[in-house]
Amino acid sequence: MSTVRPRPEASAPAATDASAFRTRADEVYAQLKRDVADFILVPGDRFTEGEISDRLGVSRTPVRQALFRLQQEGFVEVLFRSGWRVLPFDFDQFEQLYDLRMVLETTAVHRLCETDRHIDRGMLDTLADIWLVPAAQRSTDMAQVAQWDEAFHCSLVAAAGNAEMARVHGDVTDRIRIIRRLDFTKQPRIDATYDEHAKILKAVRANRGDQAAMLLRAHIETSQAEVRKITLHQVHLARHAGKASATR
């Protein structure tokens, strides 16, 4: 009686394909999050999986997986028989995330000023090279300053040496990114950010924890107050500004 022998080699390509597929889904997910942060996709926008697939040059399957991840995180929702929609801003949630951010960052600067703790001084030196510069050397590139601002706050938490705090703070940062970037569509906020970051850094480097926390709290509260004033009109203006700068 003959038997059919299995072909172990037949399963190898499937594993490779699965790995490549997951990578494509991750790339689509990351790109769509960038699209939201860069105002390419704004609250209320509707689109189909096919449109995203054509624009990114991938099949619909990784697009669908990426969108389900974004749905779980509260960025988009699926519409019955009519594609997907970018969700409106949830301002109550933003308020809560800003409160959490304030707790994490003020705790971090207190830790940075405790002389018996091991902290990453190299990170603080890197921040000083960006923010403690003469006014004439300050960047006027709004997109660049927005990235540096995010890195400033993340580095303060990371430098304090608590990996779990940094992980939670990174998640909060990810979820409020679009709101923070709206802050940098106005030149006065860029100037104020340089001034405020410089004061916070100087207080941290001098180990003045209470002063650093007070300055940081005021800095975050100012941004939090701006969140309450955001309108959809501002978001669309930011999108048009981004398109204009991209065509120059």
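In this text the structure is predicted, and so the values were computed from the model without any measurement.

Chemist: How should the pattern of salt bridges be read in this particular structure?
Modeler: A side chain with one charge can pair with a side chain of the opposite charge if their charged atoms come near. Evaluated as defined, the whole model comprises 16 salt bridges. Between Asp 195 and Arg 138 there is a salt bridge, with the nearest N and O atoms lying 2.7 Å from each other. With Asp 195 in helix α8 (residues 187-205) and Arg 138 in the loop between α5 (121-131) and α6 (142-159), this pair connects stretches of sequence that are 57 residues apart. When the shortest N-O distance is used, the salt bridge between Glu 150 and Arg 177 registers 2.8 Å. With Glu 150 in helix α6 and Arg 177 in helix α7 (residues 163-182), the pair connects residues that are 27 residues apart, well separated along the chain. As far as the burial class goes, Glu 150 and Arg 177 line up, both buried.

Chemist: So what exactly am I meant to see when it comes to the layout of surface pockets here?
Modeler: Space left empty within the atom packing is revealed by a probe, the size of a water molecule, rolled over the atoms. Space inside the second largest pocket adds up to approximately 250 Å³. Together, 15 residues line the second largest pocket, and Gly 74, Phe 75, Pro 88, Gln 93 and Phe 94 are the ones closest to its centre. Elements that contribute at least two residues to the lining of the second largest pocket include exactly α4 (91-112) and α7. At three residues, α4 tops the list of elements feeding residues into the lining of the second largest pocket. Of the residues belonging to the lining of the second largest pocket, the class tally is ten nonpolar, two polar and three charged.

Chemist: I keep staring at helix α3 (residues 60-72) and nothing clicks. Help me out?
Modeler: Along its 13 residues, α3 runs 18 Å from first to last C-alpha, staying within 8% of the 18 Å computed at 1.5 Å per residue. Burial in α3 covers these residues: Pro 62, Val 63, Ala 66, Leu 67 and Leu 70. All buried residues of α3 project into a common sector of 135 degrees when viewed along the axis, lining one side. A positive phi of about 85 degrees marks Gly 74, the residue just after α3.

Chemist: Can you help me understand the side chain of Asp 149 in this one?
Modeler: In this structure, Asp 149 sits in helix α6. A residue is classified by how much of its surface remains accessible, and Asp 149, at 5% relative accessible area, is buried.

Chemist: When you look at the packing of aromatic side chains in this model, what are you seeing that I'm missing?
Modeler: A ring pair, where both rings are aromatic, is described by two values, the distance of the centres and the angle of the planes. Evaluation of the coordinates by the stated rule reveals six aromatic pairs. Where Phe 68 meets Trp 84, the ring centres are 5.6 Å apart and the plane angle is 65 degrees; that geometry is what we call edge-to-face. Of the two residues, Phe 68 sits in helix α3 while Trp 84 sits in strand β3 (residues 83-86), which places them 16 residues apart along the sequence. An aromatic cluster is defined as three or more aromatic residues linked by ring pairs; in this entry it consists of Phe 89, Phe 91 and Phe 94.

About the criteria used
Residues numbered from 1 in each chain as written. Predicted model: local features only at pLDDT ≥ 70, side-chain atom pairs only at ≥ 80, totals over all residues. Heavy atoms only, no water. Salt bridge = Lys/Arg side-chain N within 4 Å of Asp/Glu carboxyl O. Helix = DSSP H or I, 4+ residues; strand = E, 2+ residues; numbered from the N terminus. Buried < 20%, exposed > 50% of the residue type's maximum accessible area, 1.4 Å probe, protein only. 1 Å grid on protein atoms, 1.4 Å probe; cavity = no way out; pocket = protein on both sides within 12 Å on 5 of 7 lines; lining within 4 Å. Points joined across faces, edges and corners; volume = space filled by probe spheres on them. Nonpolar A, V, L, I, M, F, W, Y, C, P; charged D, E, K, R; others polar. Expected span 1.5 Å × (residues − 1). Arc of directions from axis to C-beta. Phe/Tyr/Trp six-rings, centres within 6.5 Å; stacked < 30°, edge-to-face > 60°.

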